[in-house]
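# What the coordinates show
Single-letter residue listing:
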Amino acid sequence: MSYLTQYPGVGPKTAACVAMFTLGRDDIFPVDTHIYRVGKRLGWVPTTRTREQAQEDLESLIPNPLHYPMHLLMIRHGREVCSAQVPRCEACKLADLGCPSAKSNQTAGHSSQRRTVHDGSGDAMINPKRLDQKKDIQDETEHKET
Ligand code: SF4
């Protein structure tokens, strides 16, 4: 990794992507802005952690054989459902599975109201170590609407 980051314009995320996609390293988990946000909302990454620290957290939390598919799924989930400004919790299956940041549907007439984003200090109800099949991941990230 340090070999790659010595080149101008190559940061930790780019180096990690090269390691995963080009070199086939399954011990690496690149963290982009979508993965960083989704990881924090799911309680997998404490909000005080930097993106580089989040990479360490997710590398140890998610089993190596799942790094590649989880990387792709978390980016897609962040783009299509768990967006930065207005996450579509009402269309997200992870809300039913205990996402600690799922916005509340309890306040009638205020469907856009969100709960306070989970600070990662408690136990995340969705445990990636229990997801040992690709199908499980796809099922858990599948949303109700497209
Ligand atoms: S329930 Fe909401 S906050 Fe949680 S992962 Fe889904 S869209 Fe994101």
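Residues numbered from 1 in each chain as written. Predicted model: local features only at pLDDT ≥ 70, side-chain atom pairs only at ≥ 80, totals over all residues.

Moving on, we come to the overall build of the protein. Scanning the protein for helices and strands turns up 7 helices and 0 strands. Reading the protein from its N terminus to its C terminus gives the helix and strand order α-α-α-α-α-α-α. Split into buried and exposed, the 146 residues of the protein put 28% on the buried side. For the protein, the share of sequence-separated contacts (at least 6 apart) that also reach a separation of at least 24 residues comes to 62%. (Helix = DSSP H or I, 4+ residues; strand = E, 2+ residues; numbered from the N terminus. Buried ≥ 20, exposed ≤ 12 C-beta atoms within 10 Å, placed from the backbone. Contact = placed C-beta atoms within 7 Å.)

Glancing now at the site of the ligand. By nearness alone, 13 residues border the ligand, and Cys82, Pro87, Cys89, Cys92 and Cys99 come closest of all. Taken together, the residues that form the shell around the ligand break down as 10 nonpolar, 1 polar and 2 charged. (Near = placed C-beta within 6 Å. Nonpolar A, V, L, I, M, F, W, Y, C, P; charged D, E, K, R; others polar.)

With that out of the way, let us pick up the confidence of the model for the protein. On average, residues of the protein score 82 in pLDDT, and 73% of them reach the 70 mark or higher. The secondary-structure element of the protein with the lowest mean pLDDT is helix 7 (residues 134–141), recorded at 52, while helix 3 (residues 33–41) shows the highest, at 98. The low-confidence segment residues 105–122 (pLDDT under 50) makes 28 contacts with residues lying over four places distant or belonging to another chain. (pLDDT = per-residue confidence, 0-100.)

With that settled, the discussion passes to the environment of Pro100. Structurally, Pro100 is set in the loop between helix 6 (93–96) and helix 7. Pro100 gets classed as buried once you count the C-beta atoms within 10 Å, which come to 20. Measuring from C-alpha to C-alpha, the distance between Pro100 and Lys40 comes to 9.7 Å, with 60 residues separating the pair along the chain.

This paragraph deals with the nonpolar core. One finds Val31, Leu58, Cys92 and Ala95 to be the most contacted residues of the largest nonpolar core, which totals 24 residues. The set of elements that each furnish at least two residues to this core consists of helix 3, helix 4 (51–61), helix 5 (67–80) and helix 6. Here the element with the most residues in this core is helix 3; it accounts for 3 residues. When neighbours within four sequence positions are excluded, Val31 is seen to be in contact with Lys13, Tyr36, Arg51, Ala54, Gln55 and Leu58. (Core = buried A, V, L, I, M, F, W, Y, C linked by C-beta atoms within 7 Å.)

This part takes up the packing of helix 3 against helix 5. As a packed pair, helix 3 and helix 5 sit with axes 8 Å apart at the nearest point and diverge in direction by 85°. Between helix 3 and helix 5, the angle falls in the class roughly perpendicular. Mapping the contact onto sequence places His34, Ile35, Arg37 and Val38 in helix 3 and His71, Met74, Ile75, His77, Gly78 and Arg79 in helix 5. Split into classes, the residues belonging to the contact of helix 3 with helix 5 amount to 4 nonpolar, 4 polar and 2 charged. (Axes fitted to C-alpha atoms, helices over the stretch in contact; angles between N-to-C directions. Parallel < 35°, antiparallel > 145°, perpendicular 65-115°, else oblique.)

A word on helix 3. With 7 of 9 residues buried, helix 3 lies mostly within the body of the structure. The set of residues buried in helix 3 consists of Ile35, Tyr36, Arg37, Val38, Gly39, Lys40 and Arg41. On its buried face, helix 3 sits against helix 4 and helix 5. Taken from the residues just after helix 3, Gly43 is the one with a positive phi, measuring 85°.

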